[in-house]
Amino acid sequence: MTTQRENFLSRLAMLDTETTGKDYKTCEVIEMGLAYKENGKWVEASKLYKPDEPIKPECSAVTNITNRMVEDSPSFFEEVTAWDTIVKEAVQNIPVIGVAHNSFYDQKVLERYGFTMGQWLCTLKIAKKLYADDDTVTAANLPYLRYYFDVELDEGLSNHRAGTDCVITALVLERMLDDMESKGIIDPELDYYDQIQDWLMKPTLLKKVPFGKHRGLSFEEVPMSYWSWALDNMESLNENSEQYDPDLAASVIAAVEKTMG
């Protein structure tokens with residue numbers, strides 16, 4: 001009998017784009033990666049693409065992708081529809097869920113090319129929320145989480161390449177699912193995707209400030225003048241910003257209201 005967890009994992013398309021920049025409105029895709037569950041193992045696929053503008057050295061330093069490597073590659077625009085077919089054929093269980101570490105970015109990039117997914121899940125959001133008050137977890141980026149969870153990769157996978165990052169994201173997600181089950185966030189008898197999304201949508205009051213010079217203090221210990229400034233200036237506290245963090249915002253507002261009586 002297939003468990004709810006197995007059913008959930010079989011619906012996932014782990015996606016990653018390597019791009020020419022950080023601005024999702026203008027960057028170009030230079031590599032597309034996918035990982036999916038097959039016979040109990042995460043299988044990856046990836047392909048390089050040539051952008052209209054040459055890849056800058058700053059980009060190569062991050063992605064390890066050079067102009068020489070993509071000189072004979074097609075543009076992503078030429079093959080984006082093929083990826084829609086690849087994903088649907090690879091992930092047999094539907095509806096397919098797109099998963100990425102910072103899914104907002106990959107979703108927006110892919111949408112510019114006409115590639116859309118009906119459902120998305122963000123492992124970055126999960127990590128930030130799940131370990132917000134855990135002093136043993138000091139970052140939420142994918143390279144850190146890989147080594148925090150001691151994720152081992154099969155031979156032949158290259159660091160910070162799209163296909164490899166998809167596999168790492170999948171293995172990190174599985175470790176986080178273990179923690180979510182042990183903490184009672186997920187009921188193994190119910191649908192995993194719905195439970196995770198409901199949990200992500202509900203603001204959680206943090207116990208300690210997770211950033212900056214006040215990191216580690218309770219929210220009430222931070223001067224109210226700082227929170228007044230933060231509410232007006234920090235994107236993570238701006239409900240209309242893509243960087244909005246509902247947990248952080250709820251925690252700041254609760255601290256301000258408690259302090260002011």
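Residues numbered from 1 in each chain as written. Predicted model: local features only at pLDDT ≥ 70, side-chain atom pairs only at ≥ 80, totals over all residues. Heavy atoms only, no water.

Q: Could you clarify how one ought to interpret the overall build of the protein in this entry?
A: Broken down by element type, the protein carries eleven helices and five strands. Here the protein has a C-alpha radius of gyration of 20 Å; the compact-globule value for 261 residues is 18 Å, and the two agree. By its C-alpha atoms, the protein is 65 × 50 × 30 Å across when sized along the principal axes. Relative to its full complement of 261 residues, the protein shows a buried share of 45%. Within the protein, contacts between residues at least 6 apart in sequence are counted, and of these 60% link residues at least 24 apart. Entry remark: accessible area of the protein is about 14,100 Å², with carbon and sulfur atoms responsible for 49%. Across the protein, the centroid of the 26 positively charged side chains sits 3 Å from that of the 45 negatively charged ones. (Helix = DSSP H or I, 4+ residues; strand = E, 2+ residues; numbered from the N terminus. Rg over C-alpha atoms; globule rule 2.2 N^0.38 Å. Buried < 20%, exposed > 50% of the residue type's maximum accessible area, 1.4 Å probe, protein only. Contact = heavy atoms within 4.5 Å. Areas by Shrake-Rupley, 256 points an atom, 1.4 Å probe, with all protein chains shown as cover. Lys, Arg positive; Asp, Glu negative; His and termini not counted. Charge placed at Lys NZ, Arg CZ, Asp CG, Glu CD.)

Q: In this structure, what is going on with the packing of helix α6 (residues 123–130) against helix α9 (residues 192–201)? I would like to understand it.
A: Geometrically, a packed helix pair is captured by the angle between its two axes and the distance between the axes. The contact between α6 and α9 brings their axes to 11 Å, and the two run at 60 degrees. Classified by the angle between their axes, α6 and α9 sit oblique to one another. Regarding α6 and α9, the two cross each other, and that crossing is left-handed. Counted together, Lys 125, Ile 126, Lys 129 and Leu 130 of α6 and Ile 196, Trp 199 and Leu 200 of α9 form the full contact between these two elements. In terms of residue class, the contact of α6 with α9 is made up of five nonpolar, no polar and two charged. (Axes fitted to C-alpha atoms, helices over the stretch in contact; angles between N-to-C directions. Parallel < 35°, antiparallel > 145°, perpendicular 65-115°, else oblique. Left-handed = near helix turned anticlockwise from the far one by under 90°. Nonpolar A, V, L, I, M, F, W, Y, C, P; charged D, E, K, R; others polar.)

Q: Got a minute to help me understand the sheet that holds strand β5 (residues 119–122) in this structure?
A: Across a sheet, strands are paired by hydrogen bonds formed along the backbone, either parallel or antiparallel in direction. Across the sheet, five strands lie side by side as β3-β2-β1-β4-β5; this open sheet has mixed pairing. Two strands lie at the open edges of the sheet, namely β3 (41–48) and β5, each paired on one side alone. The sheet shows a mean angle of 25 degrees between the axes of neighbouring strands, direction not considered. Helix α5 (residues 103–112) rests against β1 (12–19), β2 (29–38), β4 (97–100) and β5 of the sheet, and its axis sits at about 75 degrees to β1. On the sheet, α6 packs against β4 and β5 and is oriented at approximately 40 degrees with respect to β5. (Pairing = 2+ DSSP bridges.)

Q: What's the story with helix α11 (residues 246–260) in this structure? I'm lost.
A: Between its terminal C-alpha atoms α11 stretches 21 Å, which fits the 21 Å expected from 15 residues at 1.5 Å a residue. Asp 247, Leu 248, Ala 249, Ser 251, Val 252, Ala 255 and Val 256 are the residues of α11 that are buried. Summarising the contacts, the buried residues of α11 are in contact with α6 and α10 (224–233). The residue sitting at the N-terminus of α11 and contributing the capping side-chain oxygen is Asp 245; that oxygen lies 3.1 Å from the backbone nitrogen of Asp 247. (Expected span 1.5 Å × (residues − 1). Polar contact = N/O pair within 3.5 Å; in protein donor to acceptor, adjacent residues only side chain to side chain.)

Q: Help me out: how do you make sense of the packing of aromatic side chains in this one?
A: Here the distance between the centres and the angle between the planes together describe a pair of aromatic rings. Enumeration over the complete set of coordinates arrives at twelve aromatic pairs. Geometrically, the ring pair formed by Tyr 148 and Phe 149 is edge-to-face, given 5.1 Å between the ring centres and 85 degrees between the ring planes. Relative accessible area serves as the criterion here: at 13%, Phe 149 is assigned to the buried category. Taken together, the aromatic side chains of Tyr 49, Phe 76, Phe 77 and Tyr 113 make up a single cluster linked through ring pairs. (Phe/Tyr/Trp six-rings, centres within 6.5 Å; stacked < 30°, edge-to-face > 60°.)

Q: How should I be thinking about empty space enclosed by the protein in this particular structure?
A: Over the atoms rolls a probe the size of a water molecule, and in doing so it shows where empty space is left. Per the stated rule, a full pass over the model turns up one cavity of 30 Å³ or more. By volume, the largest cavity amounts to about 50 Å³. Around the largest cavity, the lining residues are Glu 28, Val 29, Lys 50, Pro 51, Asp 52, Ser 75, Phe 76, Phe 77 and Tyr 113. Tallied by class, residues from the lining of the largest cavity come to five nonpolar, one polar and three charged. (1 Å grid on protein atoms, 1.4 Å probe; cavity = no way out; pocket = protein on both sides within 12 Å on 5 of 7 lines; lining within 4 Å. Points joined across faces, edges and corners; volume = space filled by probe spheres on them.)

Q: What should I look at first to understand the pattern of salt bridges in this one?
A: Side chains that differ in charge, positive against negative, can pair when their charged atoms come close. In this structure the tally under the stated criterion is nine salt bridges. Here Arg 161 and Glu 31 are joined by a salt bridge, their closest N and O atoms 3.0 Å apart. Taken together, the positions of Arg 161 in the loop between α7 (142–148) and α8 (162–182) and Glu 31 in strand β2 put the pair 130 residues apart, joining distant regions of the chain. Owing to a relative accessible area of 17%, Arg 161 belongs among the buried residues under this scheme. Residue classification places Glu 31 among the buried positions, given a relative accessible area of 2%. The partner of Lys 88 in a salt bridge is Asp 84, with the nearest N and O atoms 3.2 Å apart. In this pair, Lys 88 and Asp 84 both sit in helix α4 (residues 76–90), four residues apart, roughly one turn of the helix. Overall, Asp 84 belongs to the partly exposed group, its relative accessible area being 28%. Salt bridges sharing partners connect three or more residues here, namely Arg 5, Asp 178 and Glu 181. (Salt bridge = Lys/Arg side-chain N within 4 Å of Asp/Glu carboxyl O.)

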